[in-house]
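# Notes for the structure review
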Amino acid sequence: MESIIHSGHLSPFLVVGILILAGFFGGWVAKLIRLPHVTGNILGGVLVGPACLGLIGTHQQLHDLQPLSTFAMSLVAVSIGGHLSYRRIHNSLRRIVSISLFEVGFCVATVIAAARLFGMDWPTTCLLGAISASTAPATTIALIRESRAKGPFVKTLISAVALNNILCILLFVMMRTFVAAYFDSGETAGKIDDALILSAYHLLGALALGLSAGWISKTLVGRPRFHDFSTILLAIMLLDGLAAYLQLSPLLVNLFFGVFLGNSSEVAEKQLTTLMPLEPILYVCFFTLAGVSLHLDAMLAVGLLALLYAGARVLGKSIGAALGGIAGKCSKRIWQNMSFALYPQSGIAIGLVILLGNDADIPAEIKQVVSAIVLAGVTIAEIAGPFCTKAALARSGEANRDRQRLVEFLAEEFIVVDLKAADKWDAIRQLVAFLMRTHRVEHISQEELYQSVVAREKDMSTAMGRGIAIPHGHTEKGPAIQGVMGICRNGIEFDAPDHETVKVIMLIVTPKDKKDMHLKVLSSLSAMVRNDAIRSRLIAAISPEDAMEVIESEEARDYNYFLE
């Protein structure tokens, strides 16, 4: 009887079953007391793990479940990569890159400075600094979905987390190479070339493998005899295996795989949601397993050092994200909330610690110190971090906004400010070209769409007075009504009934089977921009983000209402 209940003799199926039950129980309790579900899953794992009941958590069990954790992380990486679609981030790249570079740089610098002040040696501080930069992508995605959040802040957060982890992995590879060289020859200057070559291998190798798999998957799913779900599932499994064989990061490889799907055809982009039915159970397993794996003993053993590491990391990310947002000229709402949305840390940091442990060129005592401090810091970050990220999502005003709205195309990526055109035909041509770049319009050519809009405009001017025009065209078929907004401060002659020049142009393209919705959209848009306050603020907007802030303001929300 004793051998049956001993955790080391449990069947892997039973272990997974216990994980799922503990995760669901933790999530249920978290919901009751209004905690993030992720925190509930993690605490459920702590409950059944070695720190409490000890039902599961032996070294062999954690080793056996590693593929499950890796697959869950890979699925998250594909999802994050899909969000790095040029159509979505083309006019917000400045703030995304600025926030990412500043928060990574300040985080690494702050952790290194704090560790040095505490008396640690340079090799240890450099490794700690590199690992500290990572932000947990799985936790971030899970909290966004739990909060049903959507908007410019969420888009910036997801993209910043993706770039954050790319930079973290490259920094870690370089730092590990320098530290290994220091203990091998006593100097690091001669190994700069090696470090750069190894970093380039990790980046370009992951890029080549991910993009190749994306192209193959796109080709296969376009053929009826290949099942979408099976194709993407197999692709991620193969990528994880090949990444391990080639000593590449599965996260980077799958992230670039997602980037290809998100920037390829409409059919390929739809594959990003193919595995969504698996996500809830995989996320529960992942976060509960993270709770089982939390090293509470390590946190107690290096308590002060762990607090120093966690505190310096939080300080660096807070200051860096805020300064990056200001330098990137994003709105106060975004940089203020971004400063405490990047605290969670788990899978990537743990994976880098494991890689460090397998490096024979680095002394065992340094590996032990770095491992203990990072794992203790991860414990703190995964328990406290989700509270901060969820609060940031709520404070940003974008929680509970991932719902269908009457006018879905009123988004930052579909707005162009400072439009300059010779006349209204030139303005329409520019907006048609902009729409073709930013939307999936695959059933009509750009010239055909332009002629459709021109034909309607020649029949009767779409200028409505008060500086507004809503030109529109039709397509034979399409998923939904699509459109873009152009703002021209100088004004364009549009044959308006009040003879005023037009400064706000909304171009709409409607599939022929959506004519009923077309009338509702026209009515909503015209009512919104006829509001003097909204119209004047739109015309004064200096960036697409500023225009989006106006559209999301309290005055405008009643016009673009939710349909559920």
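Figured I'd write up the structure that's included with this text.

Turning to the overall build of the chain, a few remarks are in order. Helix and strand counts for the chain stand at 26 helices and six strands. For 564 residues, the compact-globule estimate of 2.2 N^0.38 gives 24 Å, and the C-alpha radius of gyration of the chain, at 26 Å, lies within 12% of that figure. Along the three orthogonal principal directions, the C-alpha set of the chain runs to about 85 × 55 × 45 Å. In the chain, buried positions account for 55% of the 564 residues. Carbon together with sulfur atoms contributes 64% to the accessible area of the chain, which is approximately 24,100 Å² in total. Positive and negative charge centroids in the chain, built from 47 and 48 side chains respectively, lie 5 Å apart.

Another aspect to go through is the packing of helix α5 (residues 66-83) against helix α13 (residues 250-263). Taken N-terminus to C-terminus, the directions of α5 and α13 make an angle of 35°; their axes are 6 Å apart at the nearest point. Between α5 and α13 lies a crossing of right-handed hand. Where α5 abuts α13, its residues Thr-70, Met-73, Ser-74, Ala-77, Val-78, Ile-80, Gly-81 and Gly-82 lie against Pro-250, Leu-251, Asn-254, Leu-255, Phe-257, Gly-258, Val-259 and Gly-262. Considering only residue class, the contact of α5 with α13 consists of nine nonpolar, seven polar and no charged.

Relative orientation of the contacting elements helix α17 (residues 303-327) and helix α20 (residues 364-395) amounts to 60°, with a least axis distance of 8 Å. Judged on the interaxial angle alone, α20 and α17 are oblique. Between α17 and α20 lies a crossing of right-handed hand. Contact residues: Leu-305, Ala-306, Leu-307, Tyr-309, Ala-310 and Arg-313 in α17; Ile-373, Val-374, Ala-376, Gly-377, Ile-380 and Ala-381 in α20. Residue classes in the contact of α17 with α20 are distributed as ten nonpolar, one polar and one charged.

For the rest of this paragraph, the subject is a nonpolar patch on the surface. A contiguous nonpolar patch, built from Tyr-86, Leu-93, Val-97, Leu-101, Phe-102, Phe-106, Leu-315, Ile-319, Leu-323 and Ile-326 and spanning about 830 Å² of accessible area, is present on the exposed surface. When contributions to the nonpolar patch are tallied by element, the ones reaching two or more residues are α7 (93-117) and α17. Here the element with the most residues in the nonpolar patch is α7; it accounts for five residues. Residue position: Val-97 is located in helix α7. Its relative accessible area of 35% is what places Val-97 among the partly exposed residues.

Moving on: the packing of aromatic side chains. Scanning the entire structure with this criterion turns up four aromatic pairs. With a centroid separation of 6.4 Å and an interplanar angle of 65°, the aromatic rings of Tyr-283 and Phe-287 are classed as edge-to-face. Of this pair, Tyr-283 and Phe-287 both sit in helix α15 (residues 279-293), four residues apart, which is roughly one turn of the helix. Residue classification places Tyr-283 among the buried residues on the basis of a relative accessible area of 8%. When the centroid spacing of 5.2 Å and the interplanar angle of 80° are considered together, the rings of Phe-286 and Phe-287 count as edge-to-face. Its relative accessible area of 6% is what places Phe-286 among the buried residues. The ring of Tyr-450 carries the charged tip of Arg-429 above its face, separated from the ring centre by 3.8 Å.

To continue, consider helix α19 (residues 347-357). Considered for burial, the residues of α19 that qualify are Ile-348, Ala-349, Leu-352, Val-353 and Leu-356. Seen from one end, α19 has its buried residues packed into an arc of 140°, which puts them on one side.

Turning to the environment of Met-174, a few remarks are in order. Here Met-174 lies in helix α10 (residues 152-185). On the basis of relative accessible area, Met-174 is assigned to the partly exposed category, the value being 22%. Residues Met-174 and Asp-193, 19 residues apart in the sequence, show an inter-C-alpha distance of 9.9 Å. Those residues within four positions of Met-174 in sequence are excluded, and the remaining contacts are Ala-195, Leu-196 and Ser-199.

This part is about unusual backbone geometry. Of note, Arg-148 is a non-glycine position whose phi angle comes to about 50°, a positive value. Looking at the element boundaries, Arg-148 is found in the loop between α9 (137-147) and α10. Judged by relative accessible area, which is 33%, Arg-148 ranks as partly exposed. Unlike most non-glycine residues, Asn-400 shows phi in positive territory, near 65°.

As a further point, take the nonpolar core. Counting residues in hydrophobic clusters, the biggest one holds 94 residues, and the most contacted among them are Ile-131, Leu-157, Leu-255, Phe-257 and Val-374. Looking at which element gives the most residues to this core, the answer is α10, with 15 residues. Setting aside residues no more than four positions away along its own chain, Phe-257 makes contact with Val-78, Gly-210, Ala-213, Gly-214, Ser-217, Ile-232, Ala-235, Ile-236 and Leu-239. Core analysis: the second largest hydrophobic core is formed by 52 residues, Leu-410, Ile-468, Val-484 and Ile-539 among them.

The rules behind these values
Residues numbered from 1 in each chain as written. Predicted model: local features only at pLDDT ≥ 70, side-chain atom pairs only at ≥ 80, totals over all residues. Heavy atoms only, no water. Helix = DSSP H or I, 4+ residues; strand = E, 2+ residues; numbered from the N terminus. Rg over C-alpha atoms; globule rule 2.2 N^0.38 Å. Buried < 20%, exposed > 50% of the residue type's maximum accessible area, 1.4 Å probe, protein only. Areas by Shrake-Rupley, 256 points an atom, 1.4 Å probe, with all protein chains shown as cover. Lys, Arg positive; Asp, Glu negative; His and termini not counted. Charge placed at Lys NZ, Arg CZ, Asp CG, Glu CD. Axes fitted to C-alpha atoms, helices over the stretch in contact; angles between N-to-C directions. Left-handed = near helix turned anticlockwise from the far one by under 90°. Contact = heavy atoms within 4.5 Å. Nonpolar A, V, L, I, M, F, W, Y, C, P; charged D, E, K, R; others polar. Parallel < 35°, antiparallel > 145°, perpendicular 65-115°, else oblique. Patch = residues over 30% accessible without salt bridge, like charges linked within 9 Å, V, L, I, M, F, W, Y side chains within 5 Å. Salt bridge = Lys/Arg side-chain N within 4 Å of Asp/Glu carboxyl O. Phe/Tyr/Trp six-rings, centres within 6.5 Å; stacked < 30°, edge-to-face > 60°. Lys NZ or Arg CZ within 6 Å of the ring centre and 35° of its normal. Arc of directions from axis to C-beta. Core = buried A, V, L, I, M, F, W, Y, C linked by side-chain atoms within 4.5 Å.

Read these as spatial facts, not as claims about activity.
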